[in-house]
Amino acid sequence: MNTGPRHWTWRRLRLSYGSEFLEWVQQSGAKRHALQNVGGSLLLFFQRWFLDGEHGDRSVERARFFEQLVPTAQCCDQVLYDDVPTAAAYAFQHLLERYRRTWQVLEELMHHGALPFGRYGVNLLDVGTGPAPTIYAIRDFYGVLNDFADERNVPIPPLFIEPAVVEPAHGMVLFMHNLSEVMMAVRPNQKSGPFGARFSYLRDVDIGALREDAIERTIAELLREDDDLSPAYARKLANESGELVRQFSYRFIVFSNVLTTMGFTQECLPTIIALLENQTAGAIAYFTGGVGRGGDDNKDYQEIFHLVDAAAATAAWTLLDLPAVLMSRYDDEEAAEVARYQRQIWSLFREHSRHEAAGVEPKLPHLSHVFQDDYTGKGAGPFSVRVYRKGRLPQ
């Protein structure tokens with residue numbers, strides 16, 4: 001990576017290299033290779049966690065996995081993810097597809113010059129992390145951007161991600177920890193994680209209180225180290241600490257399929273506004289969700305995003321002019337890779353629990369293309385996206 005003088009700007013990078021980078025991603029197969037790494041790690045996780053052998057008899061874990069497949073497919077936001085098999089049932093169905101959709105959003109951000117960057121890395125806050133597809137995708141996307149800069153001698157410093165997880169479910173946290181350990185073994189030379197949650201709930205992300213607590217601790221440390229320092233000057237030094245500002249400022253905030261009902265969205269709005277108000281200029285936040293009502297009057301995504309638009313405006317964030325709906329195709333190379341790894345994982349369960357697998361397959365019609373190798377009935381699936389920036393996007 002070129003580590004020469006930092007004489008570029010993000011606007012220059014967008015104008016000079018954005019389109020070239022996206023073309024390079026397609027031509028080099030970098031996205032597909034990244035997806036294969038995650039898919040291979042997921043397959044290895046399932047082999048280790050659910051097959052008899054290293055951890056003894058795993059029939060109980062397999063039974064729990066089968067039991068939770070239908071609930072995590074039909075009403076995933078109402079399931080309690082208290083154990084790894086339940087989290088794995090969700091991840092089997094959704095992780096690789098959500099990973100792929102995150103790449104789509106990142107490509108749009110890159111195309112429109114809105115992808116966050118930072119001289120000291122990109123602090124990421126992922127709200128409702130689940131099995132961590134968003135973090136894995138963002139980490140890999142920036143890693144590919146670094147590879148592009150190396151190959152094309154683009155004068156940018158290394159870009160890296162510092163993720164903060166917001167996830168209340170113990171089973172999801174255990175799942176992501178174990179999957180990240182597998183990834184670390186598979187790719188020892190690449191940064192791995194996440195291995196745990198920094199915050200359990202969105203309401204815990206009180207940036208003002210966290211920053212003030214850190215300032216008070218810094219003041220106490222300064223006063224212990226220097227008897228001649230006045231409390232007022234110690235506070236001045238603490239307030240001017242760039243490290244404290246970076247520690248509690250997020251360049252990138254993601255709400256991926258978190259706000260799924262009107263009631264929950266309304267409950268979260270005050271916290272979302274406070275979170276956005278406490279960020280610095282240039283930060284980017286995006287929200288994804290479904291399209292339409294989803295058969296539930298309380299699940300009207302158009303109204304949910306209207307509430308988010310109002311909250312962002314209140315916090316002085318600008319809604320960016322990016323596509324409001326993206327299409328996730330099921331007939332491209334990445335979709336084929338997702339299905340391939342799902343088939344390999346499912347074959348493990350067919351081999352060890354054939355009766356249970358056969359019994360649940362008819363209840364999961366959205367996975368017909370996985371259960372039947374020659375099934376090609378799925379079309380493109382739309383999902384909603386809203387992208388906001390603290391302040392306006394430079395022209």
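Let me sum up the structure you'll find in this document. Computed from a predicted model, the values in this text were never measured in an experiment.

**Quick notes on unusual backbone geometry**
- For the bond from Gly193 to Pro194, the omega torsion is 10 degrees, close enough to zero to count as cis.
- Positionally, Pro194 belongs in the loop between α6 (170-186) and α7 (207-225).
- You will see that Asn257, though not glycine, has its phi angle at about 55 degrees, which is positive.
- With respect to the helices and strands, the residue Asn257 is situated in the loop between β3 (252-256) and α10 (262-277).
- With a relative accessible area of 26%, Asn257 lands in the partly exposed category.
- Phi is positive for Ala316, close to 70 degrees, though the residue is something other than glycine.
- As for its position among the elements, Ala316 is in the loop between α11 (301-314) and β5 (317-319).

**Points about the side chain of Thr102**
- With respect to the helices and strands, Thr102 occurs in helix α4 (residues 84-111).
- The class for Thr102 is buried, based on a relative accessible area of 4%.
- The contacts of Thr102, once residues within four sequence positions are left out, are Pro133, Thr134, Ala137, Ile138 and Tyr286.

**Re α7**
- Taking 1.5 Å of rise per residue, the 19 residues of α7 would be expected to cover 27 Å, and the 27 Å separating its terminal C-alpha atoms lies within 8% of that figure.
- By the burial criterion, the buried members of α7 are Ile207, Ala214, Ile215 and Ile219. When α7 is viewed along its axis, its buried side chains cluster within an angular range of 145 degrees and face the same direction.

**Looking at the packing of α7 against helix α8 (residues 231-239)**
- It is at 9 Å that the axes of α7 and α8 come closest, and there the two elements cross at 130 degrees. Comparing the axis directions of α7 and α8 gives the class oblique. When you trace α7 past α8, the crossing you get is right-handed. Between α7 and α8, the residues in contact are Glu212, Ile215, Glu216, Thr218, Ile219, Leu222 and Leu223 and Pro231, Ala234, Arg235, Leu237, Ala238 and Asn239, respectively.
- Grouping the amino acids of the contact of α7 with α8 by side-chain chemistry returns eight nonpolar, two polar and three charged.

**Some thoughts on a negative patch on the surface**
- Taken together, the side chains of Glu221, Glu225, Asp226, Asp227 and Asp228 define an acidic patch exposed on the protein surface.
- Structurally, the position occupied by Glu225 is in helix α7.
- A relative accessible area of 67% means that Glu225 is categorised as exposed.

**Focus on the nonpolar core**
- Formed by 89 residues in total, the largest nonpolar core has its most connected members in Phe46, Phe65, Phe252 and Trp346.
- Sort the elements by how many residues they give to this core and α4 lands first, with 15 residues.
- If sequence neighbours within four positions are ignored, Phe65 has contacts with Phe46, Phe50, Pro85, Ala88, Ala89, Phe92, Trp346 and Phe349.
- Formed by 37 residues, the second largest nonpolar core is a distinct cluster that contains Tyr250, Met262, Ile272 and Trp317.

**Here's the deal with the side chain of Glu337**
- Of note, Glu337 is situated in helix α12 (residues 333-352).
- Polar contacts involving the side chain of Glu337 include one to the side chain of Gln36, which spans 3.3 Å.
- In this structure Glu337 touches Arg32, Leu35 and Gln36, once residues within four positions along its chain are discounted.

Scoring rules and cut-offs
Residues numbered from 1 in each chain as written. Predicted model: local features only at pLDDT ≥ 70, side-chain atom pairs only at ≥ 80, totals over all residues. Heavy atoms only, no water. Helix = DSSP H or I, 4+ residues; strand = E, 2+ residues; numbered from the N terminus. Buried < 20%, exposed > 50% of the residue type's maximum accessible area, 1.4 Å probe, protein only. Contact = heavy atoms within 4.5 Å. Expected span 1.5 Å × (residues − 1). Arc of directions from axis to C-beta. Axes fitted to C-alpha atoms, helices over the stretch in contact; angles between N-to-C directions. Parallel < 35°, antiparallel > 145°, perpendicular 65-115°, else oblique. Left-handed = near helix turned anticlockwise from the far one by under 90°. Nonpolar A, V, L, I, M, F, W, Y, C, P; charged D, E, K, R; others polar. Patch = residues over 30% accessible without salt bridge, like charges linked within 9 Å, V, L, I, M, F, W, Y side chains within 5 Å. Areas by Shrake-Rupley, 256 points an atom, 1.4 Å probe, with all protein chains shown as cover. Salt bridge = Lys/Arg side-chain N within 4 Å of Asp/Glu carboxyl O. Lys, Arg positive; Asp, Glu negative; His and termini not counted. Charge placed at Lys NZ, Arg CZ, Asp CG, Glu CD. Core = buried A, V, L, I, M, F, W, Y, C linked by side-chain atoms within 4.5 Å. Polar contact = N/O pair within 3.5 Å; in protein donor to acceptor, adjacent residues only side chain to side chain.

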